[in-house]
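A structural walkthrough
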Number of protein chains: 2
Amino acid sequence: MTRLLVVEDDAALGRALAIILRAHRYDVAVSTTGTDALQKAAAWHPEVVILDLGLPDIDGMEVLAGIRGWSQIPVLVLSARQNSEDKVYALDAGADDYVAKPFAMDELLARLRVVTRRRETTPEDPVVQTAAFTVDLPRRKVTRDGAEVRLTPTEWRLLEILARHAGKVVGRTELLRELRGPNLAHETHYLRVYLAQLRAKLEPDPAAPRHLITEPGVGYRLEP
Amino acid sequence: MTRLLVVEDDAALGRALAIILRAHRYDVAVSTTGTDALQKAAAWHPEVVILDLGLPDIDGMEVLAGIRGWSQIPVLVLSARQNSEDKVYALDAGADDYVAKPFAMDELLARLRVVTRRRETTPEDPVVQTAAFTVDLPRRKVTRDGAEVRLTPTEWRLLEILARHAGKVVGRTELLRELRGPNLAHETHYLRVYLAQLRAKLEPDPAAPRHLITEPGVGYRLEP
DNA sequence: CGCATTCCTGACGGAACCCTGACGCGAACG
DNA sequence: CGTTCGCGTCAGGGTTCCGTCAGGAATGCG
């Protein structure tokens with residue numbers, strides 16, 4: 001769930017927003033003051049901030065500046081001011097969007113999706129580690145004792161599948177389907193050859209594998 | 001200068017926009033039809049698109065979909081429709097912002113700065129360095145041993161994409177989509193030729209590349 | 001209109017890789 | 001005790017993939 005910080009001094013509106021946003025599967029926290037907002041932003045690390053500029057203690061623009069001082073998280077500004085001057089000021093100060101009140105809820109939700117969509121396209125980096133080697137899936141790299149290991153495309157795809165199911169057994173037919181398509185899902189010999197190649201490149205003692213383990217009669221398993 | 005494509009069927013408004021935007025140091029091209037917009041987007045590779053939804057030939061939403069089919073460049077939608085329904089539809093279809101007509105020019109410029117700002121900050125470091133050469137993305141320059149290296153436009157675009165994903169592998173199809181559009185995403189030979197040209201200009205020993213590395217069967221990678 | 005640069009395609013050599021076959025070994029089983 | 005089955009190892013032919021060179025087409029510039 002996406003963590004979302006709502007900064008809104010109007011308690012009724014804040015509660016309403018929180019309810020609707022939670023219904024749309026956001027993990028919502030609400031601040032009613034600027035100081036609390038800055039504190040929550042630093043401590044809770046929300047992934048998006050909805051910021052109403054009208055706050056009781058400090059100016060909303062200062063809250064924005066305070067956040068931008070150390071973070072690039074998306075900030076969507078909400079304000080009663082409609083003149084373009086204020087919009088320009090907020091947008092140039094680092095806001096990712098500006099919605100004037102009164103606003104349509106579905107539009108706010110859509111604009112929220114826009115700013116969060118950008119983060120999602122940057123996939124997280126799942127890295128699988130074992131005692132002997134490290135598999136970096138997004139970078140498509142395998143390192144052993146700090147040095148990069150060169151793998152052929154097929155070797156990599158095989159290791160990738162095992163790494164995605166790290167710790168679990170992957171059936172032979174499933175592996176072969178991914179590697180060679182559904183028609184040749186019974187050529188188990190093919191797997192043995194490539195498993196041997198992977199072990200030769202990655203295992204300290206290829207004859208006694210500790211991480212690329214075969215489950216007799218079933219398939220193979222990558223043990224972290 | 002930031003390349004900016006304005007898609008606007010109203011010739012007078014299009015010209016006015018172009019003049020103002022050029023005064024703000026954008027490199028502007030104008031399309032008055034949807035087909036021309038799609039063609040220009042693929043051929044000219046603008047960095048931002050301003051898209052009016054009301055077009056004479058094809059629906060503006062289809063233009064948006066056409067661009068989103070192969071590129072993630074920011075698209076700022078301009079429309080006379082004010083109801084939130086249309087806004088939600090466009091935003092969810094991949095638009096980065098939605099400005100309703102009539103609009104204040106300074107607000108449009110501010111929102112333009114927002115979407116371009118994001119592009120500039122996406123790479124962690126806008127300057128990618130290797131042991132042999134330096135790629136300065138904002139200045140569009142490559143230096144090697146202190147001297148600037150002259151690159152052709154295509155060579156630069158290729159290097160730019162690799163630099164944006166520095167350290168990570170970029171798939172062949174992704175590279176070709178960015179370079180030549182979605183239809184020719186299988187001409188891998190084209191990539192080999194240009195990679196060779198880049199290596200000849202940048203690598204100390206082009207026969208044994210250390211930074212412009214090929215990942216067999218997958219794509220290429222720029223190693224810092 | 002002529003020149004220069006750049007873009008793109010084709011042909012070719014070489015290297016890397018994929019896949020298959022043959023064989024050895026140990027365990028399970030009758 | 002012999003057979004069978006599954007697994008691992010080694011090696012080699014065929015093929016794919018990559019890099020290089022070259023040249024015509026297209027484009028931009030003076």
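This text goes with the structure placed above it.
First things first, this report covers the structure right here in the doc. (Residues numbered from 1 in each chain as written. Chains lettered and ligands numbered in written order. Predicted model: local features only at pLDDT ≥ 70, side-chain atom pairs only at ≥ 80, totals over all residues. Heavy atoms only, no water.)

1. Quick notes on helix 2 (residues 34–44) of chain B
Residues and elements named next belong to chain B. All of the buried residues along helix 2 are Gly34, Ala37 and Ala41. The buried residues of helix 2 occupy an angular sector of 55° when the element is viewed end-on, so they sit on one face. The positive-phi residue at the C-terminal boundary of helix 2 is His45, with phi of around 55°. (Buried < 20%, exposed > 50% of the residue type's maximum accessible area, 1.4 Å probe, protein only. Helix = DSSP H or I, 4+ residues; strand = E, 2+ residues; numbered from the N terminus. Arc of directions from axis to C-beta.)

2. Side note on unusual backbone geometry
Looking along the chain, the bond that leaves A:Lys101 and enters A:Pro102 is cis, with omega of 0°. Inspection of the secondary structure assignment puts A:Pro102 in the loop between strand 5 (97–100) and helix 5 (105–121). Located in the positive-phi region is B:Arg140, a residue other than glycine, with phi close to 60°. One non-glycine residue, B:Asp145, lies in positive phi territory at about 55°. Mapped onto the secondary structure, B:Asp145 falls in the loop between strand 8 (141–144) and strand 9 (147–148).

3. Describing the sheet that holds strand 6 (residues 127–129) of chain B
Residue and element names in this part refer to chain B. Spatially, 4 strands are ordered 6-7-8-9 in an open sheet, and the strand pairing comes out antiparallel. Each edge of the sheet is formed by a strand with only one pairing partner; in this case those strands are strand 6 and strand 9. Across the sheet, helix 6 (residues 153–164) lies against strand 6, strand 7 (133–136) and strand 8, angled at about 90° from strand 7, the strand it touches most. (Pairing = 2+ DSSP bridges. Contact = heavy atoms within 4.5 Å. Axes fitted to C-alpha atoms, helices over the stretch in contact; angles between N-to-C directions.)

4. Remarks on empty space enclosed by the protein
Under the criterion given, the structure shown has 1 cavity of 30 Å³ or more. Roughly 30 Å³ of internal volume is contained in the largest cavity. Every residue along the wall of the largest cavity is listed here: A:Asp96, A:Asp97, A:Val114, A:Val115, A:Arg118, B:Asp96, B:Asp97, B:Val114, B:Val115 and B:Arg118. Contributing elements (two or more residues each) for the lining of the largest cavity: helix 5 of chain A together with helix 5 (105–121) of chain B. Among the residues forming the lining of the largest cavity, the class breakdown is 4 nonpolar, no polar and 6 charged. (1 Å grid on protein atoms, 1.4 Å probe; cavity = no way out; pocket = protein on both sides within 12 Å on 5 of 7 lines; lining within 4 Å. Points joined across faces, edges and corners; volume = space filled by probe spheres on them. Nonpolar A, V, L, I, M, F, W, Y, C, P; charged D, E, K, R; others polar.)

5. Observations concerning the sheet that holds strand 12 (residues 219–222) of chain B
Residue and element names in this part refer to chain B. Strand order in the open sheet formed by 3 strands is 10-12-11, with antiparallel pairing between adjacent strands. Taken across any chain shown, the strands that pair with only one partner, and hence form the sheet edges, are strand 10 (169–171) and strand 11 (212–215). Recorded for the sheet is a direction-independent mean angle of 30° between the axes of neighbouring strands. The strands that helix 7 (residues 172–180) touches are strand 10 and strand 12; relative to strand 10, the one it contacts most, it runs at about 65°. Along the sheet, helix 8 (residues 188–202) makes contact with strand 11 and strand 12, crossing strand 11 at roughly 150°.

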